[in-house]
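Residue-level listing of the chains:
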Amino acid sequence: MCELNEQSLAGFHRHLSQCHCPHYAHEDQLSVVRGARLFLTYLRDARIITLPSVNSPVHDPALLSAFCQWMHQQRNACDATLDRYSVYIRELLRRFGEEPGRVDARRLRAFVLERSHHGRTTAKRCATALRMFLRFLIAQGQCAVGLDAAIPTMAHWRLASLPRHLRPEEVERLIASCDRASAVGRRDRAILLLLARLGLRAGDIVHLRLSDIDWKGASVFVSGKGRRPTRLPLTQEVGQAIVAHLKKGRPRANVDTLFLRKR
């Protein structure tokens, strides 16, 4: 137990990328590693293990660090996104080294297809991460233009029969189906109106705070994709639905989150 440290966690992370265990091979690798890191933090706080020596820090490859910096500057990528990308890029660099010239289309395809054995989600995340990494290398002049097109697209037909969008009349029927007499119905109606009328994404709504609503100015502040703050108009219909949710639907809680779970 006392030998657990960041090196152990890094080794566990590398193991997951090639894991064939009957259960964990199909899990979200990033979530598993985050859980292990939280456990490691608990052990440190409980003084069961000691902090690693400051003289032996764990460093990411220089090329990965440069990629993360480029993504912050050029794409305004958040840390959570870069954490997901780093899982696969770190393994790619560990296998082929920090010489982009050694990576060709055949090796890239093989690397992604290996991840397909762990499930479509893992393979898709790997393909997205490598595609962005190759675009960084192309922008830096470190690999051939067009190499990112070599990354295969993962076929997926689950729920393919579902429509990709709803017709306007179907959207209105969905909104009208909410039971305004119940707390859950009032909450759901407010959420659906934000989706349908303001075009917010699910993630935008999850992160909405009470302080994001400017009642006097009739507007909503949203930190959209790329964490770019946007001010959107708060229509009468949407505003009244949110007020109904706040007055007769939202549970009492010492948090600023606009929408809470009912459980």
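Structure: see above.
Residues numbered from 1 in each chain as written. Predicted model: local features only at pLDDT ≥ 70, side-chain atom pairs only at ≥ 80, totals over all residues. Heavy atoms only, no water.

**Focus: helix H5 (residues 105–115)**
So, point 1. Among the residues of H5, those classed as buried are Leu108, Phe111, Val112 and Arg115. Buried residues along H5 cover an arc of 90 degrees about the axis, so they all sit on one side. (Buried < 20%, exposed > 50% of the residue type's maximum accessible area, 1.4 Å probe, protein only. Helix = DSSP H or I, 4+ residues; strand = E, 2+ residues; numbered from the N terminus. Arc of directions from axis to C-beta.)

**Quick word on unusual backbone geometry**
Excluding glycine, a negative phi dihedral is what most residues carry, and trans is how most peptide bonds are arranged.
So, point 1. Backbone geometry places asparagine 76, a non-glycine residue, at a positive phi of 55 degrees.
So, point 2. Of the residues examined, asparagine 76 reaches a relative accessible area of 24% and is grouped as partly exposed.
So, point 3. The backbone of alanine 218 sits at a positive phi, close to 50 degrees, despite the residue not being glycine.
So, point 4. Counting through the fold element by element, alanine 218 comes out in the loop between strand E1 (213–214) and strand E2 (219–223).

**Looking at a nonpolar patch on the surface**
So, point 1. On the surface, Phe39, Tyr42 and Ile48 cluster together into a nonpolar patch covering about 310 Å² of accessible area.
So, point 2. Take isoleucine 48: it is sitting in the loop between helix H2 (29–45) and helix H3 (62–75).
So, point 3. The class for isoleucine 48 is partly exposed, based on a relative accessible area of 38%. (Patch = residues over 30% accessible without salt bridge, like charges linked within 9 Å, V, L, I, M, F, W, Y side chains within 5 Å. Areas by Shrake-Rupley, 256 points an atom, 1.4 Å probe, with all protein chains shown as cover. Salt bridge = Lys/Arg side-chain N within 4 Å of Asp/Glu carboxyl O.)

**Quick look at the packing of aromatic side chains**
So, point 1. Here the structure, examined in full by the defined rule, presents five aromatic pairs.
So, point 2. Between phenylalanine 67 and phenylalanine 133, the aromatic rings sit 5.5 Å apart at their centres with planes inclined by 80 degrees, giving edge-to-face as the arrangement. Here phenylalanine 67, found in helix H3, pairs with phenylalanine 133, found in helix H6 (residues 120–139); they are 66 residues apart in sequence, far enough to count as distant.
So, point 3. By relative accessible area, phenylalanine 67 is classed as buried at 0%.
So, point 4. Plain terms: the ring middles of phenylalanine 67 and phenylalanine 136 are 5.7 Å apart, the flat faces sit at 70 degrees to each other, and that makes the pair edge-to-face. On the criterion of sequence distance, the pair formed by phenylalanine 67 in helix H3 and phenylalanine 136 in helix H6 is long-range, its members being 69 residues apart.
So, point 5. Take phenylalanine 136: its relative accessible area is 3%, and that puts it in the buried class. (Phe/Tyr/Trp six-rings, centres within 6.5 Å; stacked < 30°, edge-to-face > 60°.)

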